[in-house]
Amino acid sequence: RDSVRVYTVALGSNERIGDAAIVATAQPARAFVRDRVPVEVRIDRGAVAGASKGADGAAADASPLEVRLVDAETGAELARKEVPAPDSPGAAGEQVVVLDAAGDAAGVRRWRVELVGVRADLVRENDVRELSVEFIDRPLRVLYVEGTSRWEYRYFKNLLTREKDVESSIMLLSADRDFAQEGNMPIARLPRTKEEFAKYDLFVLGDVPSGFFSPDQLAVIRAEVSERGAGLLWIAGERSTPSSWEATPLADLFPFRPPLALEPRTGASIVRPTSVAERLGVLRLSDDGDGWPDVLTDPDMQWPRLRYVQSVPRSRLKPTAEVLADAEGIGAAASEPTAAVTRMRFGAGEVVFVATDEIWRWRYGQGERYPERFWIPLVRLLARESLVKGDERATLAVEPARVAPGESVVVTLRFADEESAEQSAATLPVEIVAADGTPVGRVEVVREGGSATATVPVEKVGAFRAVASDPAFGSVAAAFEVVRRDDELRRGDTDHEALAEIARRTGGQVLDTQSLAGLAEILPRRARETDESVLRALWDTPAALTLLLVLLGLEWIGRRLLRLV
């Protein structure tokens, strides 16, 4: 209003120094020797870019921000990846980078995740995280049951028998009585008891009719997956899978809702992996082991096309299912993508459904490399779960984990498997307790699909925990903190652009420390004189009161002297 010019002085570097940090890491607790173990690293870049820039805008430090996996005992580098730059798609906020490495000997291996290439970082301590993985030196054991000698069977069973560290029992139902069943653990009949099934880490069911199994055998397989953590791999077929499994104990172990009779996609299809596959370390078919070959998605190539893929619309997937790969149409026959490879947790174990039996087509002119890189990591992923019994049926998250009084947090209960989601109640209580265990409040989360959420306003300052309990998944908890905001201390970087804009819009000037001494000459002289009359009543002054008292006293004395009193 008064046209006051603002003169700003920016104290501090014009290059923002952020704090890149490793927020969290996640990896399997146990794995087989020579397994490629995926390590998921969540990174918050802060304001750290891949290459810092100088005052002229040129790159002052061209080294990218990278994350690497190191053997903590030997210091050997196991894996390294570049963190996507902030201006690249999907790079905002926290970013996820997946590294993988293998253990060549039994025992607990201590690894370390490090951020490298950070030229300036406020806090170096959060650039490093340590983790451990226990490697088990024994073969993983697979039971593969197939209905007919289809092409996928012929090549898949060769991969199993040829793979090091895999022991397989393979049964072909359509074989003659004199046919020698294959695998390096040959069997003459299917397992019947729980003890016989317990020898296997993974069950692979091809295009086999459900009637070949007795109800007791199916109940044992379900229990092995749900309770022991064994894996189950479905390979779809034109005859029996999944259509014949509708009314069986294993019907719940498909990652999509019934009816289980699936129609094939129209025309040829190509397969494209999703980000979930990258996070799990599977479907990496490229020669560098870190992506999907362009040739498999080239619409002009004929041999990568799959002629038979069952249509699994995403709308029919169960809430806890994850799509590892999509099937897409080609050219004029292109239609809405459907799930080609789907994963779902069920109890302590995992299930993967592959909606095609034509992965063998990728052998054309390529040999076994693409089918092997497709199937073997899936086999190892599913078998690995049998080493760790998954007791955690659900997870609880409070976001954001750090808020100010008067704000709200979102409490989200996520079910880890379909069985827990179906068995839990529609509304679930979540207790909010203080750090000392004192109950603070209670909220009801409403289940919708594979999760249940509620919004909770917070007022008190302190550390708290949200706790949810239910017979379907036990008890889970998540911590959060309510603190008073102090943005000036939390973000100490000088905002040079904002200060320059304030000076420009008010007609002021940006000063540096050298020109600050001449500020008196720069500032306009805005002093002015004003005439103000000061009025004050004498009656309220001490002198007036004193005079009144003196006059009254003299009058009284005079009256006494004149004897008028």
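See above for the structure.
The model shown is predicted, which means the values in this text are computed figures rather than measured ones.

Participant: An account of the packing of helix H1 (residues 151-162) against helix H5 (residues 369-384) is requested, with residue identities and associated values reported.
Facilitator: Axes are the key here: two packed helices are described by the angle between their axes and the distance separating the axes. Where H1 contacts H5, the axes come no closer than 11 Å and their chain directions differ by 65°. Crossing geometry of H1 relative to H5 is assigned as right-handed. Taking contact as the criterion, the partners of Glu 152, Phe 156, Leu 159, Leu 160 and Arg 162 in H1 are, on H5, Pro 371, Glu 372, Trp 375, Ile 376 and Val 379. Looking at the contact of H1 with H5 residue by residue, the class counts come to 7 nonpolar, no polar and 3 charged.

Participant: If you had to explain the sheet that holds strand S3 (residues 30-32) to someone new, which residues and values would you point to?
Facilitator: What the 5 strands build is an open sheet, ordered S3-S11-S10-S7-S8; its pairing is mixed. Only two strands of the sheet have a single neighbouring strand rather than two, namely S3 and strand S8 (77-82). Each strand axis lies, on average, 30° off the axis of its neighbour in the sheet, ignoring direction. Two strands pair when backbone bridges link them, and strand S7 (residues 66-71) and strand S10 (residues 107-116) are joined in this way by 6 bridges, in the antiparallel orientation. By the bridge assignment, Arg 68 is partnered in S10 with Glu 114.

Participant: Could you give an account of the nonpolar core, with specific residues and numbers?
Facilitator: Residues Leu 233, Trp 245, Trp 362 and Phe 374 are the most contacted members of the largest nonpolar core, which totals 85 residues. The element best represented in this core is H5, accounting for 9 residues. In this structure, Phe 374 is in contact with Leu 283, Leu 285, Val 341, Val 354, Ile 359 and Trp 362, ignoring residues within four places of it in sequence. In this structure, Leu 396, Val 411, Ala 466 and Ala 478 belong to the second largest nonpolar core, which totals 28 residues.

Participant: How would you sum up unusual backbone geometry? Please name residues and give values.
Facilitator: A cis amide bond links Thr 241 with the next residue in sequence, Pro 242, at an omega value of 10°. Looking at the element boundaries, Pro 242 is found in the loop between strand S15 (231-235) and strand S16 (269-273). The phi torsion at Asp 165 lies on the positive side, around 75°, for a residue other than glycine. With respect to the element layout, Asp 165 can be found in the loop between H1 and strand S13 (166-172). Judged by its relative accessible area of 18%, Asp 165 is buried. Positive phi, close to 55°, is recorded for Leu 283, a residue that is not glycine. Along the chain, Leu 283 turns up in the loop between helix H4 (275-280) and strand S17 (322-329). Here Leu 283 falls in the buried class, since its relative accessible area comes to 2%.

Calculation rules
Each residue is numbered by its place in its chain's sequence as written, counting from 1. It should be noted that, the model being predicted, local features are given only for residues of pLDDT at least 70 and side-chain atom pairs only at 80 or more, the latter also being counted only at that level, while totals for whole chains, interfaces and linings use all residues. Derived side-chain values reflect all non-hydrogen atoms in the structure, with water molecules and hydrogen atoms excluded from consideration. Fitted lines through C-alpha atoms give the axes, limited to the stretch in contact for helices. The angle between two N-to-C directions lies from 0 to 180 degrees. Secondary structure counts use DSSP, requiring at least four H or I residues in a row for a helix and at least two E residues in a row for a strand, with both numbered from the N terminus. It is the rotation of the near helix from the far one that decides the hand of a crossing: anticlockwise by less than a right angle makes it left-handed, clockwise makes it right-handed. Here, two residues are considered to be in contact whenever any of their heavy atoms come within 4.5 Å of each other. Residue classes follow a fixed rule: Ala, Val, Leu, Ile, Met, Phe, Trp, Tyr, Cys and Pro count as nonpolar, while Asp, Glu, Lys and Arg count as charged, and any other residue, Gly among them, counts as polar. Here, any two strands with at least 2 DSSP bridges between them count as paired. The nonpolar core is taken to be a set of buried Ala, Val, Leu, Ile, Met, Phe, Trp, Tyr and Cys residues, with the residues joined through side-chain atoms within 4.5 Å. Three exposure classes are used, based on accessible area relative to the maximum for each residue type with a 1.4 Å probe and protein chains only: buried under 20%, partly exposed in between, and exposed over 50%.

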